[in-house]
Amino acid sequence: MDKKKIAFFDAKDYDRQSFINSNRDEEFDITYLDTRLTVDTCKLAEGCDAVCVFVNDDVNREVIDRLYAMGVKLIALRCAGYNNVDIEYAYGKIHIVRVPAYSPYAVAEHAMALLLTSIRRIHKAYIRTKDFNFSLNGLTGFDLHGKTVGVIGTGKIGRIFIDICRGFGMKVIAYDKFPAKDSGIDYVSLDELWEKSDIISLHCPLTDENRHMINADSMDKMKKGVVIINTSRGALIDSEALVEGIKARKIGAACLDVYEEESNVFFHDYSNHIVNDDVLARLISMPNVIVTSHQAFLTNEALTNIADTTLGNVREFFEKDTCPNEVCYKCANIGSCQQTHEKKCF
Ligand code: NAD
């Protein structure tokens, strides 16, 4: 195989390190680009066989058309979710591959880290003791033991999160559009989950159907003081409604690793700037909201798996006819893709 050229968009130091390590034999010619993939930047992929993108690169119709016209054959997502790619439009033009799992533990453990930080006020205590303030006033938390957690999405991450919660002695109820048979998981309707949960954690993909599933109506049905954790995708929550829910003291706390408008902000240092997003600024200003910037995946184990799987996907795509980690809009509509990953989807 001739050396395949990859334009690697939105490259961060930690990406470079793991991909340079995984590509140590220089099998691929990778150009690392700081910029995100947009209509304006896609020309940087000129002469490349593949582009490698992450969660906030916008792979819309125009980008797909331009990449296709340049002869790019493959879009290699170095993440699991693909809601930022118009997969239906890409079908028949450019193949899409992804990393379906790199460390579900990383994300599930981060969700629990956020929950514990929030309810035990660790974020407040850390700042206090750094300033030699050893007062405990305002740091009262609550036990997780005996509380009910509602888990939405019981795939790889959701199930690990369920196991962690059970380890804490919590009662687990769950909702999944495709409940797992014989899993021992107590599935309930969404309404029942809203009503019974002390803590709600989102672990499902973002689709057109579940965009803003946490909104003013669903929040109305929740317990007063409920804690919401989102490590999935920002647009599962209507952020403006969340601000109102917190202001009304209905929502007890929010732990957010993702945010619906994150692509303009996350992964960048704006510490010397005025952030224009008023909703995000309001959320961050609240003492019972913790925001991390799409960090849940960020462990050494996950980065190594992401790099190895992504380069493996590119190798397999160009060397063989098989493409086990391909996504197409037919695959996404469970089971309707004829190729079932034994061949390329088109
Ligand atoms: P998965 O595919 O293993 O599981 C997803 C589950 O959601 C499946 O059981 C599926 O049946 C269910 N589901 C699908 N549509 C649903 C709906 N409308 N309502 C309820 N459930 C639905 O995926 P996973 O590996 O567990 O990842 C879950 C999500 O976590 C991903 O979609 C991604 O958005 C997010 N994620 C975030 C990070 C991060 O760093 N924050 C990293 C990886 C993944």
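Because the structure is predicted, anything quoted here is derived from the model rather than measured. (Residues numbered from 1 in each chain as written. Predicted model: local features only at pLDDT ≥ 70, side-chain atom pairs only at ≥ 80, totals over all residues. Heavy atoms only, no water.)

What about the layout of surface pockets?
- In this structure, the second largest pocket occupies an estimated 250 Å³ of space.
- Considering the residues around the second largest pocket, the lining is formed by Val265, Phe266, Phe267, His268, Tyr270, Ser271, Val275, Leu280, Ala281, Ile284, Val291 and Ser293.
- The element best represented in the lining of the second largest pocket is helix α10 (residues 278-285), accounting for 3 residues. (1 Å grid on protein atoms, 1.4 Å probe; cavity = no way out; pocket = protein on both sides within 12 Å on 5 of 7 lines; lining within 4 Å. Points joined across faces, edges and corners; volume = space filled by probe spheres on them. Helix = DSSP H or I, 4+ residues; strand = E, 2+ residues; numbered from the N terminus.)

Side note on the nonpolar core
- If you look at the biggest cluster of nonpolar residues, it comprises 85 residues, and the most contacted ones within it are Val51, Leu67, Ile214, Met222, Leu242 and Leu283.
- The greatest single-element share of this core, amounting to 7 residues, is contributed by helix α11 (residues 300-319).
- No fewer than three residues from each of domain 1 (5-102 + 299-333) and domain 2 (104-291) sit in this core.
- Once you skip the residues sitting within four places of it in the chain, Val51 turns out to touch Ile6, Ala7, Phe9, Ala45, Leu67, Val72, Leu74, Ile75 and Ala76.
- Formed by 23 residues, the second largest nonpolar core is a distinct cluster that contains Ile119, Ala174, Ile199 and Ile290. (Core = buried A, V, L, I, M, F, W, Y, C linked by side-chain atoms within 4.5 Å. Buried < 20%, exposed > 50% of the residue type's maximum accessible area, 1.4 Å probe, protein only. Domains from an automatic or database assignment. Contact = heavy atoms within 4.5 Å.)

With respect to empty space enclosed by the protein
- Per the counting criterion, the structure on display carries 1 cavity of 30 Å³ or more.
- What the largest cavity holds in volume is close to 50 Å³.
- Residue lining of the largest cavity: Asn230, Gly234, Ile237, Ser239, Leu242, Leu256, Val258, Tyr259, Glu260 and Leu283, and that is the complete set.

Side note on the pairing of strand β4 (residues 74-77)
- The two faces of β4 match: Leu74 and Ala76 on one face and Ile75 and Leu77 on the other face are all buried.
- As defined by bridge partners, strand β3 (residues 50-53) adjoins β4 across 4 bridges and the pair is classed as parallel. Considered in β4, the bridge of Val51 is made with Ile75.
- Following the backbone out of β3, through helix α2 (residues 61-70) and into the adjacent parallel β4, one traces a crossover that is right-handed.
- Pairing of β4 with strand β5 (residues 95-97), which is carried by 3 bridges, proceeds in the parallel orientation. Residue pairing across strands places Ala76 opposite Val97, the latter belonging to β5. (Pairing = 2+ DSSP bridges. Right-handed = clockwise from strand over helix to strand, strands pointing away.)

Some remarks on the domain arrangement of the protein chain
- As assigned here, the protein chain comprises domain 1 (5-102 + 299-333) and domain 2 (104-291).
- The distance between the C-alpha centroids of domain 1 and domain 2 comes to 29 Å.
- Interface area, domain 1 with domain 2, both sides summed: about 990 Å², of which 56% is carbon and sulfur.
- Considering only the surface of domain 1 that becomes buried against domain 2, Arg36, Asn56 and Asn83 emerge as the three largest contributors, covering 43% of it. (Buried area = accessible area lost by both parts, 1.4 Å probe.)

What to know about the site of the ligand
- Within the structure, the ligand sits among 23 residues, and Lys156, Ile157, Asp176, Thr231 and Asp257 are positioned closest to it.
- Between the ligand and Lys156 there is a distance of 2.8 Å, counted from an oxygen atom to a side-chain nitrogen or oxygen.
- Contact between the ligand and Asp176: an oxygen atom at 2.6 Å from a side-chain N or O atom of the residue.
- In the complex, 87% of the free accessible area of the ligand, which totals 870 Å², lies under the protein chains.
- The class makeup of the residues in the shell around the ligand is 10 nonpolar, 8 polar and 5 charged. (Near = heavy atom within 4 Å. Polar contact = N/O pair within 3.5 Å; in protein donor to acceptor, adjacent residues only side chain to side chain. Areas by Shrake-Rupley, 256 points an atom, 1.4 Å probe, with all protein chains shown as cover. Nonpolar A, V, L, I, M, F, W, Y, C, P; charged D, E, K, R; others polar.)

Some thoughts on the pairing of strand β8 (residues 199-202)
- Across the two faces of β8 the burial is the same, with Ile199 and Ser201 and Ile200 and Leu202 all buried.
- Pairing geometry for strand β6 (residues 148-152) and β8, over 4 bridges, is parallel. Paired with Ile152 across the two strands is Leu202, which belongs to β8.
- Direction of pairing for β8 relative to strand β9 (residues 226-230): parallel, over a ladder of 4 bridges. By the bridge assignment for β9, Ile200 is matched with Ile228.
- Of the crossover connections in this fold, the one passing from β8 over helix α8 (residues 216-221) to the parallel β9 is right-handed.

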